[in-house]
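# Examination of the molecular architecture
Letter by letter, the chains look like this.
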Amino acid sequence: MPEREFIGPEAILAKKQRYLIPCAYHFYKDPPQIVRGQGIYLYDSTGKRYMDLYCGVSVHALGHCHPEMTEAICRQVRTLQHTTTIYLTEPIVNLAERLAGVLPGKLCRTFFCCSGSEANEGAALLATLYTGRNEFLAFQNGLHGRTKLGMSLTGLAFWRTDPHPVGGITHVPPPYCRCCPFGRTYGSCRFECVGAVESAILTATSGKPAAMFVEPIQGNGGVMVPPPEYYPKLREVLDKYKMLLIADEVQTGFGRTGRMFAMEHWNVVPDIVTGGKALGGGTPVGFFSTTDQIAASYTRAGASTFGGNPVTAQAGLKFLEILQRESLVARSAATGERLKNRLKELAGMYDIISDVRGLGLMVGVEIIGREPLSAADCTDRILENMKDAGYLLGKTGPGRNVVTWMPPLMIGEEELIEAVEAFEKVLRTIR
Ligand code: PMP
């Protein structure tokens, strides 16, 4: 397909520098101008094709511009785009009903907004309304958004820009068995990581925090998967102090980890789930969902101008229909396992990889430094070389040294094998 005239990366960078707030951050030394997406591929202004293995940070579960999805969105755009929730429209209630069918446990009531950050803000408000309390616990290395409260809940230095974070938030160490912050070994430990939560409640709060925010698997924290016992034990502690458990499934939700919601891996039902990203199929979406009982505490008027608007709600409905019809959640589990195993093989061959972890199609490859390059520099080099070879990957972790794979859930086995081969070639050049 002939590409139309584009202004090109240099002109975009110049305008970005001139007109965007300087915090707007991008990957790559020579970033391409992305102009088109189709399926698992993105195309730049020169016509070069990239396999998108990061999905706009866990968004395009169905790939780019899925024809049915695009059709559903366009049909709605042509019919009715926006009214706000002060008028009755159908897609928002249908999507809430549909969500109630896939959410775990008794979670059945939803508030729609436009981003993950906003979803977490709303969840915090709801927890305060329900419990009458105002303090929160969250994980070190967690990420919950870039709003004032979302950023304060975030425990990653890289994303904590605010010099005056909101008070009343205590960060506790996440479970990380490979490098246990308590110097223990999984199998012989006493879950000191769970004990640390109780001791934080008793020593760093009033003793009555409203809730604890968790990312079931930390995404930006470097794809950190807790041991199987962690969440059931955490739940016991939170129950003891009558605290709510808020699972931020913004990144992990909708099949990314091989379950509809990641908390299902441990059979723990949160009191509030927050989500966004994938549900909108590329349209901006956020939501928080809870039980009848907790929802009953939020009765004063609440409105989001765009939350649950007909276009996004229609996109969400079509997304869930395709996700389930094509069994993409199970597929994510199976394909993800094979991807992880293949990457683990590479870890055995290339000592620049210190760990491979993840669940479903959320896999992190931890990179170690290679003199004179730091671990983060090596990771950057890998990402740059992969981009040049036509593959887009992510990077996460407190040290920015975890190459992160979050491809579309519909990606084929062959394409993944091809991508892993390209990855191996790049690793050889770093050797
Ligand atoms: N929570 C998690 C776990 C996230 O990964 C993100 C974004 N990366 C957010 C919240 C914030 O979402 P948004 O950018 O849509 O505000």
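Please refer to the structure higher up on the page.
If you're wondering where the values come from, they're calculated on a predicted model, not measured in any experiment.

Attention now moves to the sheet that holds strand β1 (residues 34-38). One open sheet holds the four strands; their spatial order is β1-β2-β3-β13, and the pairing between them is mixed. Each edge of the open sheet carries a strand with a single partner, namely β1 and β13 (391-392). By the bridge criterion, two bridges tie strand β3 (residues 49-52) to β13 in an arrangement that is parallel. Within β13, the residue paired with M51 across the bridge is Y391.

A few words now on the pattern of salt bridges. Oppositely charged side chains can form a pair if their charged atoms are brought close together. The tally for this structure, following the rule as stated, stands at 26 salt bridges. One salt bridge in this structure joins E326 and R325, with 3.0 Å as the shortest N-O distance. Relative accessible area serves as the criterion here: at 37%, E326 is assigned to the partly exposed category. For the salt bridge of E345 with R342, the shortest nitrogen-to-oxygen distance reads 2.8 Å. Remark: R342 and E345 occur in helix α11 (residues 328-349); sequence separation between them is three residues, near one turn of the helix. Residue class for E345 comes out partly exposed when judged on its relative accessible area of 47%. Judged by its relative accessible area of 26%, R342 is partly exposed. It is possible to trace a salt-bridge network through shared partners that takes in E68, K318, E321, R325 and E326.

Here α11 is 22 residues long and its end C-alpha atoms lie 31 Å apart, about the 32 Å a rise of 1.5 Å per residue gives. The set of residues buried in α11 consists of L328, V329, S332, T335, G336, L339, K340, L343 and L346. Each buried residue of α11 lies within a common arc of 150° when the element is viewed along its axis, so the set occupies one face. Seen from the open side of α11, the exposed residues pointing more than 90 degrees away from its buried face are A330 and G348. Buried-residue contacts for α11 involve α10 (310-325), β11 (353-359), β12 (362-367), β15 (402-405) and α13 (413-430).

Definitions and cut-offs
Residues numbered from 1 in each chain as written. Predicted model: local features only at pLDDT ≥ 70, side-chain atom pairs only at ≥ 80, totals over all residues. Heavy atoms only, no water. Pairing = 2+ DSSP bridges. Helix = DSSP H or I, 4+ residues; strand = E, 2+ residues; numbered from the N terminus. Salt bridge = Lys/Arg side-chain N within 4 Å of Asp/Glu carboxyl O. Buried < 20%, exposed > 50% of the residue type's maximum accessible area, 1.4 Å probe, protein only. Expected span 1.5 Å × (residues − 1). Arc of directions from axis to C-beta. Contact = heavy atoms within 4.5 Å.

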